[in-house]
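# Coordinate inspection notes
Read off the chains here:
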Amino acid sequence: MGETKDERERDSYGFALSSWEKEESSQRFYLFYYSDERLSTLRDEWNTFFSSFFNPMEEVFSQKRNKRNEEQLEQLLRLGLPPEIRAEAWQRLSGSYELVRANPGVYASYLHQADTFGSESANQIERDLGRTFPSNTMFEKIEGREKMRRVLMAYSVKNTSVGYCQSMNFICGMLLLFMEEEEAFWTMSQIIEEYLPEDYFGPTMLSFQIDQKVFSTLLSLAYPTIADVIYCHKIPMPSDWFLCLFATSLPTESLVRVWDMFFYVGEKMLFQTALALMKLLSPVITRTKDSAKIMTRLKSTPVIVQQMEAEKLRRKAVAKYTS
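A brief report on the enclosed structure follows. Computed from a predicted model, the values in this text were never measured in an experiment.

## Description of empty space enclosed by the protein
Enumeration according to the criterion identifies one cavity of 30 Å³ or more in this entry. Roughly 30 Å³ of internal volume is contained in the largest cavity. Around the largest cavity, the lining residues are Phe49, Phe53, Glu59, Val60, Arg65, Asn66, Asn69, Glu70 and Leu73. Among the secondary structure elements, those contributing two or more residues to the lining of the largest cavity are helix H3 (56-61) and helix H4 (70-79). Here the lining of the largest cavity is built from residues that sort into four nonpolar, two polar and three charged.

And the structure:
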């Protein structure tokens with residue numbers, strides 16, 4: 001007898017574990033990142049850093065923060081934020097924390113406009129709701145999908161030049177796993193309007209197309225062998241890497257650490273992550289001569305990344321206990 005949705009094993013973010021994620025190798029990945037020892041060490045490092053501040057969340061993460069501790073802040077962000085402060089840190093780094101408080105009632109007003117006058121994006125948003133993280137406990141439920149619908153509809157009213165573009169649903173969904181819908185609305189607004197170039201999600205998507213060309217150039221410079229294989233097989237760069245900010249392309253634990261840095265350094269983190277992924281996938285790409293298989297590999301990055309990370313952890317563990 002199969003498992004029901006509520007009986008399925010899940011990670012700490014509410015995603016149902018697939019069969020390969022339950023395997024021993026993948027469990028190493030989870031046991032490391034979710035271990036009490038790792039989280040305790042991470043919290044200790046952040047608390048030590050926070051101890052020199054009177055109001056650490058504001059003084060460390062606000063856009064008006066003192067820049068004297070930037071080097072240490074960046075080092076800690078590369079390790080990752082403790083889960084309990086991630087939502088507020090993202091909001092403060094992006095500036096959405098202040099926007100929520102400076103615009104009381106504005107989100108509700110956009111929702112009212114959407115309900116009263118509708119939106120040209122309504123049909124596309126409705127179609128995409130069920131396709132967005134369907135294995136997550138939040139979005140399996142009507143209440144979770146309704147939250148996403150409201151945020152996306154409100155944004156389509158706020159920014160009519162963009163309206164709605166597929167992939168915004170995944171950004172919205174990921175934000176909703178960490179914050180309330182009004183907070184997610186303003187944070188998504190900052191991502192689209194401040195972090196990414198104009199027209200990234202607009203009708204022409206010109207800025208996104210430019211980013212794809214820039215990445216192709218960077219790939220050729222950094223990893224010419226990989227680039228040659230990609231170009232030889234005429235394989236397009238995975239568009240969802242950039243458009244979804246890797247929300248569909250990385251294991252969630254890896255993704256949130258990428259976003260920790262994205263909210264700090266901005267768009268260049270997308271390029272750094274894409275290059276790192278290509279390097280990680282290099283053995284898979286360069287040893288495969290079939291174009292279809294390479295494209296499949298590029299679309300299966302969560303599985304591959306998790307397996308490779310798990311193997312690295314295994315080797316470190318073996319080295320530790322045999323040295």
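## Observations concerning the packing of aromatic side chains
Inspection of the entire model under this criterion finds 27 aromatic pairs. Residues Tyr110 and Phe185 carry aromatic rings whose centres are separated by 5.8 Å and whose planes lie at 45 degrees to one another, so their mutual orientation is tilted. Note that Tyr110 is positioned in helix H7 (residues 106-117) and Phe185 in helix H11 (residues 181-195), a separation of 75 residues in sequence. Ring pairing ties together the aromatic residues Tyr13, Trp90, Phe178, Tyr195, Trp259, Phe262 and Phe263, which thus form one cluster. Its end group placed over the ring of Tyr97, Arg92 keeps NZ or CZ at 3.8 Å from the ring centre. Over the ring of Tyr97 we find Arg101, and its NZ or CZ is 3.6 Å from the ring centre.

## Quick notes on the pattern of salt bridges
Counting across every chain of the model gives 10 salt bridges. Residues Arg131 and Asp128 are paired through a salt bridge, measuring 2.9 Å at the closest nitrogen-oxygen approach. A relative accessible area of 2% means that Asp128 is categorised as buried. Each member of the salt-bridge network shares a partner with another, and the members are Glu126, Glu146 and Arg149.

Reading guide: rules and limits
- Residues numbered from 1 in each chain as written.
- Predicted model: local features only at pLDDT ≥ 70, side-chain atom pairs only at ≥ 80, totals over all residues.
- Heavy atoms only, no water.
- 1 Å grid on protein atoms, 1.4 Å probe; cavity = no way out; pocket = protein on both sides within 12 Å on 5 of 7 lines; lining within 4 Å.
- Points joined across faces, edges and corners; volume = space filled by probe spheres on them.
- Helix = DSSP H or I, 4+ residues; strand = E, 2+ residues; numbered from the N terminus.
- Nonpolar A, V, L, I, M, F, W, Y, C, P; charged D, E, K, R; others polar.
- Phe/Tyr/Trp six-rings, centres within 6.5 Å; stacked < 30°, edge-to-face > 60°.
- Lys NZ or Arg CZ within 6 Å of the ring centre and 35° of its normal.
- Salt bridge = Lys/Arg side-chain N within 4 Å of Asp/Glu carboxyl O.
- Buried < 20%, exposed > 50% of the residue type's maximum accessible area, 1.4 Å probe, protein only.

Note that all results are geometric; they support no functional claim without further evidence.
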